[in-house]
Amino acid sequence: MQNEKFKPFYLFFITYMTQMGIVFFSLPNIIANHFGYNGWIMIIPISVVVLIHIGLIATIYSFNKGESIFQTIESLNSKAKMILMPLYISLSIFWSILSVTIAKHYVHVLKFLYFPQSDIQWFVLLTLILTFYLVTRGIITIAHISTIFFFLSAPIIFLFFY
């Protein structure tokens with residue numbers, strides 16, 4: 001186990017690097033498919049909904065005095081504990097399927113943008129090895145790597161003004 005604590009400002013880097021991954025390439029297409037070609041107007045209402053959800057999470061966090069929702073459920077009576085195992089199993093299945101889907105989409109985008117003639121199995125293998133390393137090392141390693149990639153990729157935004 002690592003003794004280093006997760007600092008809150010790492011959350012910015014993780015969120016930014018997650019959004020700059022697949023969302024950066026696929027958001028215009030998703031917006032055009034669901035809302036039409038003037039769908040950029042919908043970004044503001046969707047952002048308000050996301051901010052409301054973040055506010056609800058912060059309210060629950062402060063209401064529980066810094067405990068997670070899972071610690072709060074575990075501290076309840078035995079009837080509430082009966083739902084914990086199916087809840088944990090369904091959450092782990094959901095996040096596993098979501099992460100594999102995002103990784104597959106990311107590998108396809110990389111292949112079609114940068115290496116259209118190459119075989120996709122090598123990219124999938126490299127992505128799985130990197131994912132396994134990051135998951136076994138913990139969230140601190142993911143935060144550190146996200147911070148490094150942020151400072152490597154953030155100056156590219158200034159090229160839009162060139």
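Right, let's walk through the structure included here. Each residue is numbered by its place in its chain's sequence as written, counting from 1. Reporting of local features is limited, given that this is a predicted model, to residues whose pLDDT is at least 70; pairs of side-chain atoms are given and counted only at 80 or more, and all residues count toward the totals for whole chains, interfaces and linings. Based on all heavy atoms of the structure, the side-chain values leave hydrogens and waters out of the count.

A few points about the packing of helix H6 (residues 120-137) against helix H7 (residues 139-153)
Test applied: Whenever a helix is involved, its axis is fitted only over the stretch in contact; in every case the axis is a line through C-alpha atoms, and angles between N-to-C directions fall within 0 to 180 degrees. Each helix is a run of DSSP H or I of at least 4 residues and each strand a run of E of at least 2, with the numbering of both proceeding from the N terminus. These descriptions rest on fixed angle ranges, namely under 35 degrees for roughly parallel, over 145 for roughly antiparallel, 65 to 115 for roughly perpendicular, and the rest for oblique. Here, residues are in contact when the closest pair of their heavy atoms is within 4.5 Å. Residues were grouped as follows: Ala, Val, Leu, Ile, Met, Phe, Trp, Tyr, Cys and Pro as nonpolar; Asp, Glu, Lys and Arg as charged; and all remaining residues, including Gly, as polar.
The interhelical angle for the contact between H6 and H7, taken along N-to-C directions, is 125°, at an axis separation of 6 Å. Comparing the axis directions of H6 and H7 gives the class oblique. Contacts between H6 and H7 involve Tyr133, Leu134 and Arg137 from the former and Thr141, Ile142 and Ile145 from the latter. Within the contact of H6 with H7, the residues separate by chemical class into four nonpolar, one polar and one charged.

A few points about the side chain of Lys111
We count it as follows: Each residue's exposure class comes from its accessible area (1.4 Å probe, protein chains only) as a fraction of the maximum for that residue type: buried when under 20%, exposed when over 50%, partly exposed otherwise. Only four residue types enter the tally: Lys and Arg on the positive side, Asp and Glu on the negative side; His and the chain ends are excluded. Here, a salt bridge means any side-chain nitrogen of Lys or Arg that lies within 4 Å of a carboxyl oxygen of Asp or Glu.
Its place among the elements puts Lys111 in helix H5 (residues 84-114). Buried charge without a partner: Lys111 forms no salt bridge, and the closest opposite charge is Asp119, 7.2 Å away.

Observations concerning the environment of Ser146
Its place among the elements puts Ser146 in helix H7. Separated by 136 residues in sequence, Ser146 and Tyr10 have C-alpha atoms that sit 8.2 Å apart. Not counting the four nearest positions on each side in its chain, Ser146 is found in contact with Phe13, Ile14 and Met17.

What to know about helix H2 (residues 43-63)
We apply this condition: Helix span, expected: 1.5 Å multiplied by one less than the number of residues in the helix.
The terminal C-alpha atoms of H2 lie 30 Å apart, and with 21 residues this matches the ideal 30 Å at 1.5 Å per residue to within 8%. Downstream of H2 by a residue or two, Lys65 has a phi angle that is positive, lying close to 55°.

Section: the environment of Ile31
With respect to the secondary-structure elements, Ile31 resides in helix H1 (residues 10-35). Sequence-wise, Ile31 and Ile43 are twelve residues apart; in three dimensions their C-alpha atoms are separated by 8.5 Å. Setting aside chain neighbours within four positions, we find Ile31 in contact with Gly36, Gly39, Trp40 and Ile43.

A closer look at H7
Owing to its 3.6 residues per turn, the α-helix aligns residues three or four sequence positions apart on the same side. With 15 residues, H7 ought to run about 21 Å at 1.5 Å a step, and its terminal C-alpha atoms sit 21 Å apart, in line with that. Within H7, burial applies to Ile140, Thr141, Ala143, Ser146, Thr147 and Phe150.

Considerations on the side chain of Asn64
Its place among the elements puts Asn64 in the loop between H2 and helix H3 (69-74). Every residue in contact with Asn64, bar those within four places of it in the chain, is listed here: Ile69 and Thr72.

Concerning the packing of aromatic side chains
Which entries qualify depends on this criterion: Pairing of aromatic side chains here covers Phe, Tyr and the six-membered ring of Trp, requires ring centres within 6.5 Å, and sorts the geometry by plane angle: under 30 degrees stacked, over 60 edge-to-face, intermediate tilted.
In the structure shown here, the tally under the stated rule is eleven aromatic pairs. Between the aromatic rings of Phe12 and Phe13, the centroid separation amounts to 5.3 Å while the plane-to-plane angle is 65°, which identifies the pairing as edge-to-face. For the pair Phe12 and Phe150, a centre-to-centre distance of 5.5 Å together with 75° between the ring planes defines the contact as edge-to-face. With Phe12 in helix H1 and Phe150 in helix H7, this residue pair connects regions lying 138 residues apart in the sequence. Of the residues examined, Phe12 reaches a relative accessible area of 48% and is grouped as partly exposed. Residue classification places Phe150 among the buried positions, given a relative accessible area of 12%.

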